[in-house]
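# Remarks on the overall topology
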Amino acid sequence: MAEEPVLIDPTPAAAGGDPLTPDQVASWRERGFCFVSGILPADLVEELRTSAADRFPTPGTDEANAIADFGSAIVFPSEVTALNRVALHRRLLRAMGQLLGRPIADLRLSQADLWPKYGRVERTAGSLDNQDQRIHVDYPNHTLAHPAPWDRPEAVEAILYLADHADCGGSTAVVPRTGPDDPAYRWPIVDTPGVGQLRYVNDRRAAEAYLAEVRPELAPWRAELYRRERHTRYRTGDIIFYRHDTWHRGTPLRPGGFRLAMNLTYRRAECEWISTLHPGWSWSMYRRSQYMERLIATADLDQRAVLGFPQPGSPYWCEETLAAVEARYGALGFDPRPYRS
């Protein structure tokens, strides 16, 4: 009989300026994750949850049962405006800056999307099914390179939960790092399906059976990863912050359950080898609602910087570009004065 998972609860965010406590920052930097409640305003989280949930299939329908992989059409920037406000919320950005030790203007957004997950008994996608994932790290589909050594983190990933674990299950399981000599975090990080010559397999049973065939020496080591994992007991609005080199996985939802979550990634500005997962932000221009143009026009300097907009002092700015950008965005509320100075 399988052992019951070890559940972890979030710790409350700090009040005041810095949203993360020193212990939470240390947990992310040393253990590979921190699990936090109260970062974002509850009314904004609820607006995002309610405005997005009805855009996905109803649990139990054929359409819902066919969703067995990742991603959705709701990505930043979105006409679900609460998603945009979450992705650029200053309190969230400040938390990301704390973890990476950088001011907000030195961060870049590289992922912000909503993912639905449905509880199913059948593995409808076979070895690629996402219901019960194999333990893995996320860097292969985020960066062209390999994560830098542990004490030089390049990016923060986060999951904002828009459902309650008590209702649907589906914890995120993480493996806490115990220190620089932890065998679970041996270097380089390549002993997982989808890296090097190991083919991509997502389903846990299929992945471990495949590895047992092609790399049988990995079986006891990977079994220890599963033994050490801790499962989030999340509620709506909780956020787990983790890293591209943190061992983790998604676990099954209860049959018939529905979990909505927002996935976010922010990188250090200079780490250009970490890719943006969605089409470029400017691809969203020319919509009738002009939601992206209005977002750029009304964002503050840090929020624009996170999107890659040239900052004050950039060599981009001259009298000609100031006049041209003001001509493009001025009627929507853009103030050119900070860039002129």
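Going by the structure above, here's the rest.
Here's what I pulled together on the structure shown here. (Residues numbered from 1 in each chain as written. Predicted model: local features only at pLDDT ≥ 70, side-chain atom pairs only at ≥ 80, totals over all residues. Heavy atoms only, no water.)

In this section: helix α11 (residues 319-329). Listing the buried residues of α11 in full gives T321, L322, V325 and Y329. Looking down the long axis of α11, one finds its buried residues gathered within 105 degrees of arc, a one-sided arrangement. Residues E319, E320 and A327 are exposed on α11 and point more than 90 degrees away from its buried face. Where α11 is buried, its residues contact α9 (291-298) and α12 (337-340). (Buried < 20%, exposed > 50% of the residue type's maximum accessible area, 1.4 Å probe, protein only. Helix = DSSP H or I, 4+ residues; strand = E, 2+ residues; numbered from the N terminus. Arc of directions from axis to C-beta. Contact = heavy atoms within 4.5 Å.)

Here the focus is the packing of aromatic side chains. A complete count under the given rule lists 13 aromatic pairs for this structure. Ring centres 5.6 Å apart and planes at 80 degrees place the aromatic pair W221 and W247 in the edge-to-face group. Of this pair, W221 sits in helix α8 (residues 219-228) while W247 sits in the loop between β8 (239-242) and β9 (248-250), and the two are 26 residues apart along the sequence. One aromatic cluster is present, formed by F309, Y316, W317, Y329, F334 and Y339 through successive ring pairs. The aromatic ring of W28 is capped on one face by R243, whose charged end is 5.1 Å from the ring centroid. When the ring centre of F309 is taken as reference, the NZ or CZ atom of R304 above it lies at 5.9 Å. (Phe/Tyr/Trp six-rings, centres within 6.5 Å; stacked < 30°, edge-to-face > 60°. Lys NZ or Arg CZ within 6 Å of the ring centre and 35° of its normal.)

On to empty space enclosed by the protein. Within the structure shown, the criterion is met by 1 cavity of 30 Å³ or more. A volume near 90 Å³ is recorded for the largest cavity. Grouping the amino acids of the lining of the largest cavity by side-chain chemistry returns 4 nonpolar, 2 polar and 4 charged. (1 Å grid on protein atoms, 1.4 Å probe; cavity = no way out; pocket = protein on both sides within 12 Å on 5 of 7 lines; lining within 4 Å. Points joined across faces, edges and corners; volume = space filled by probe spheres on them. Nonpolar A, V, L, I, M, F, W, Y, C, P; charged D, E, K, R; others polar.)

Quick look at the sheet that holds strand β2 (residues 11-12) now. An order of β2-β3-β8-β5-β10-β4 is seen for the 6 strands of this open sheet, with the pairing classed as mixed. With partners counted over all chains shown, the strands left at the sheet margins are β2 and β4 (107-118), one partner each. Here strand β3 (residues 33-37) runs beside β8; their pairing, made up of 4 bridges, is antiparallel. Within β8, the position partnered with V36 by the bridge is I239. Sheet contacts for helix α1 (residues 22-31): β2, β3, β5 (155-161) and β8; angle to β3, the most-contacted strand, approximately 150 degrees. (Pairing = 2+ DSSP bridges. Axes fitted to C-alpha atoms, helices over the stretch in contact; angles between N-to-C directions.)

Approximately 690 Å³ is the volume attributed to the largest pocket. When grouped by side-chain class, the residues that make up the lining of the largest pocket number 8 nonpolar, 7 polar and 10 charged. Quantified by volume, the second largest pocket comes out at close to 550 Å³. What lines the second largest pocket is a set of 32 residues, and nearest its centre among them are F70, W115, Q133, H136 and D138. Of all the secondary-structure elements, those providing two or more residues to the lining of the second largest pocket are β4, β5, β9 and β10 (258-268). Here the lining of the second largest pocket gets 4 residues from one element, more than from any other, and that element is β4.

Before going further, it helps to examine unusual backbone geometry. Negative phi values dominate among residues other than glycine, just as trans dominates among peptide bonds. Cis geometry marks the peptide bond from F76 to P77; its omega dihedral reads -10 degrees. Mapped onto the elements, P77 comes out in the loop between α3 (62-65) and α4 (81-87). Put simply, W187 and P188 share a cis peptide bond, and its omega is -10 degrees. Within the secondary structure, P188 sits in the loop between β6 (172-174) and α7 (204-214). In this structure, Y286 is a non-glycine residue whose phi angle is positive, near 75 degrees. Following the sequence through the fold, Y286 ends up in the loop between β10 and α9. The class for Y286 is exposed, based on a relative accessible area of 80%. Positive phi, normally seen in glycine, also occurs at Q290, with a value near 55 degrees. Among the structural elements, Q290 can be located in the loop between β10 and α9.

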